[in-house]
Amino acid sequence: EVFSQSVDKFSEKSLPDNQSVWLSAVAHPQIVEAINTKFSNVEVVKPLSHFGSLIIAYKEPLELGSDRFLAMLGALKHFPDRNLLIIDVGSALTIDVVNDSGEHQGGLIMPGLEAIRGSFAKFATNSQNLNLSSLQTSTEEAWLSGTKAMFISTIKEQITGFESEQQDGIVILTGGGVSNLLSELPETVNYFNNLVLDGLESYSKSMG
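These lines cover the structure that appears in this document, whether it is placed above or below. (Residues numbered from 1 in each chain as written. Predicted model: local features only at pLDDT ≥ 70, side-chain atom pairs only at ≥ 80, totals over all residues. Heavy atoms only, no water.)

With that settled, consider the side chain of histidine 104. For histidine 104, the location among the structural elements is in strand β7 (residues 104-111). We classify histidine 104 as buried; its relative accessible area is 4%. Within polar-contact distance, the side chain of histidine 104 engages the backbone oxygen of glycine 106 at 3.2 Å. Among all residues touching histidine 104, those that are not within four sequence positions of it are Leu54, Ile55, Ile56, Ala57, Tyr58, Arg68, Met72, Asp96, Val97 and Val98. (Helix = DSSP H or I, 4+ residues; strand = E, 2+ residues; numbered from the N terminus. Buried < 20%, exposed > 50% of the residue type's maximum accessible area, 1.4 Å probe, protein only. Polar contact = N/O pair within 3.5 Å; in protein donor to acceptor, adjacent residues only side chain to side chain. Contact = heavy atoms within 4.5 Å.)

Put into structure tokens, the structure is as follows:
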């Protein structure tokens, strides 16, 4: 069972009582501190250079975000022994490639849609509207449509490049900003709503 809540509305009081908690966090240290205070045994995920079949490309694995680490573990859980492109759409857009031997080839980090739309002060907006497409006849809508086009094109380019090199490869999409994008992307994409949690489950079972 998965319970999701916006980080802006999150309270550790909403969490059920447990003896042990497994935690992955790349931001919001005040929430991490609150969870550490509420629970006596909190296991914080730390990326490892070698975990199961996964071998991380980073020389310093702790520099890799735990969310990317867990997303790769989750992807390997679903598709072992396959070439994988893992795209996580959140506050940042992250892209990682893992080969069929479990070797992480490296990745990319780009601004997420919200960051892109807030990047130019003159047009800044926190709108998540993805319904617009093509040319527009107002500045606000032209900015929304243009930033959407840039964001979608970036993701499509990564998918096309990967699939041209790895014709038996698997493309995996996850993240809170994904569901509204699926209709714009190739049908070959595999969507997982909770890929990071799938990885966290694998991590906790191996470490616990």
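As a further point, take helix α2 (residues 66-78). Relative to the 18 Å expected for 13 residues at 1.5 Å per residue, α2 spans 18 Å between its end C-alpha atoms, a close match to the ideal helical length. By the criterion of burial, α2 is predominantly enclosed, with 10 of the 13 residues buried. Among all positions of α2, only Ser66, Arg68, Phe69, Leu70, Ala71, Met72, Leu73, Gly74, Ala75 and Leu76 are buried. (Expected span 1.5 Å × (residues − 1).)

This next bit is on the pattern of salt bridges. Evaluation of the coordinates by the stated rule reveals 4 salt bridges. Residues arginine 68 and aspartate 96 are paired through a salt bridge, measuring 2.6 Å at the closest nitrogen-oxygen approach. Remark: aspartate 96 occurs in strand β6 (residues 92-98) and arginine 68 occurs in helix α2; sequence separation between them is 28 residues. The exposure class of arginine 68 is buried, given its relative accessible area of 4%. The shortest N-O distance in the salt bridge between glutamate 201 and lysine 77 comes to 2.8 Å. Of this pair, glutamate 201 sits in helix α5 (residues 195-207) while lysine 77 sits in helix α2, and the two are 124 residues apart along the sequence. Glutamate 201 gets classed as partly exposed once you look at its relative accessible area, which sits at 34%. Its relative accessible area of 41% is what places lysine 77 among the partly exposed residues. The structure contains a network of salt bridges with shared partners spanning Lys77, Glu201 and Lys205. (Salt bridge = Lys/Arg side-chain N within 4 Å of Asp/Glu carboxyl O.)

This part is about the nonpolar core. Soluble globular proteins tend to pack their nonpolar side chains together in the buried interior. Grouped together as the largest cluster of nonpolar side chains are 22 residues, with contacts concentrated most on Leu54, Phe69, Leu84, Ile86 and Ile172. Element by element, the count of residues in this core is highest for α2, at 7 residues. Apart from residues lying up to four places away in sequence, leucine 54 is in contact with Ser49, Phe69, Met72, Leu73, Leu76, Val98, Gly102 and His104. Core analysis: the next-biggest nonpolar cluster, separate from the first, contains 19 residues, Leu113, Phe151, Leu173 and Val178 among them. (Core = buried A, V, L, I, M, F, W, Y, C linked by side-chain atoms within 4.5 Å.)

At a closest axis distance of 7 Å, the pairing of α2 and α5 adopts a crossing angle of 80°. Classed by the angle they form, the pair α2 and α5 counts as roughly perpendicular. Contacts from Asp67, Phe69, Leu70, Ala71, Leu73, Gly74, Ala75, Lys77 and His78 in α2 reach Leu195, Val196, Asp198, Gly199, Leu200, Glu201, Ser202 and Tyr203 in α5. A class-by-class count of the residues in the contact of α2 with α5 yields 9 nonpolar, 4 polar and 4 charged. (Axes fitted to C-alpha atoms, helices over the stretch in contact; angles between N-to-C directions. Parallel < 35°, antiparallel > 145°, perpendicular 65-115°, else oblique. Nonpolar A, V, L, I, M, F, W, Y, C, P; charged D, E, K, R; others polar.)

Further remarks concern the pairing of strand β2 (residues 41-44). Direction of pairing for strand β1 (residues 20-23) relative to β2: parallel, over a ladder of 4 bridges. Across the sheet, tryptophan 22 pairs through a bridge with glutamate 43, a residue of β2. Between β1 and its parallel partner β2, the chain crosses via helix α1 (residues 29-38), and the hand of that crossover is right-handed. (Pairing = 2+ DSSP bridges. Right-handed = clockwise from strand over helix to strand, strands pointing away.)

Among the structural elements, serine 164 can be located in helix α4 (residues 139-165). Judged by relative accessible area, which is 51%, serine 164 ranks as exposed. The sequence separation of serine 164 and leucine 197 amounts to 33 residues, and the corresponding C-alpha distance is 29 Å.

Another point: the environment of aspartate 96. For aspartate 96, a relative accessible area of 2% puts it in the buried group. For the pair aspartate 96 and leucine 135, spaced 39 residues apart in sequence, the C-alpha to C-alpha distance is 32 Å. Those residues in contact with aspartate 96 that lie beyond four places of it in its chain are Arg68, Met72, Leu84, Leu85, Ile86, His104, Gly106 and Gly107. Within the local environment of aspartate 96, its side chain forms a polar contact with the side chain of histidine 104, the two groups lying 2.8 Å apart.

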